[in-house]
Amino acid sequence: MGNNQRQGQTPGMPCPQCGQFIPTTVTELLVSSSLCCPHCGLRLSIDRAKSMKAMQALAKVEAAQRRVEKTSKFNGRY
Ligand SMILES: [Zn+2]
């Protein structure tokens, strides 16, 4: 029902244990102190300092997504 996959650009990070993709968002990382891998069940505790790089990468993806949304909204050419 809530199936809104857009352009295969899901923000997230690879699991350090099983290597599968864990979908997450910057907001989620910021508000929660741990992350659970849906594939192997590994529980990752989020170290703010260590995950800084991952968060920056995620922030870029999210910013890009927002830009895509904006672009599709203002679909006119100049
Ligand atoms: Zn995993």
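Residues numbered from 1 in each chain as written. Predicted model: local features only at pLDDT ≥ 70, side-chain atom pairs only at ≥ 80, totals over all residues. Heavy atoms only, no water.

> How should the confidence of the model for the protein be read in this particular structure?
Low-confidence regions, as indicated by low pLDDT, have predicted coordinates that should not be scrutinised in detail. Confidence in the prediction of the protein, expressed as mean pLDDT, is 80, and 82% of residues score 70 or more. Element-level pLDDT for the protein is lowest in helix α1 (residues 26-31), with a mean of 80, against a maximum mean of 92 in strand β2 (residues 21-23). (pLDDT = per-residue confidence, 0-100. Helix = DSSP H or I, 4+ residues; strand = E, 2+ residues; numbered from the N terminus.)

> Where do I start with the coordination of the zinc ion in this structure?
Under ideal tetrahedral coordination, the four donors around a metal are separated by 109.5 degrees; under ideal octahedral coordination, the six donors are separated by 90 or 180 degrees. The zinc ion binds to the protein through Cys15 (SG), Cys18 (SG), Cys37 (SG) and Cys40 (SG), with metal-donor distances spanning 2.3 Å. With four donor atoms in place around the zinc ion and angles of 104 to 113 degrees between them, the coordination shape is tetrahedral. Taken in chain order, the donor set of the zinc ion reads C-x2-C-x18-C-x2-C. Highlighted residues: Cys15 in the loop between β1 (12-14) and β2 and Cys37 in the loop between β3 (34-36) and β4 (43-45), separated in sequence by 22 residues. For Cys15, a relative accessible area of 5% translates into the label buried. Its relative accessible area of 2% is what places Cys37 among the buried residues. (Donors = N, O, S within 2.8 Å, 3.2 Å for Na, K, Ca; no water. Tetrahedral: all angles 85-135°; square planar, octahedral: opposite > 155°, others 65-115°. Buried < 20%, exposed > 50% of the residue type's maximum accessible area, 1.4 Å probe, protein only.)

> What exactly am I supposed to notice about the environment of Pro38 here?
Relative to the elements of secondary structure, Pro38 occurs in the loop between β3 and β4. Its relative accessible area of 57% is what places Pro38 among the exposed residues. Sequence spacing of Pro38 and Cys15 is 23 residues, and the spatial spacing of their C-alpha atoms is 9.4 Å. In contact with Pro38, not counting residues within four places along its chain, are Ile22 and Pro23. (Contact = heavy atoms within 4.5 Å.)

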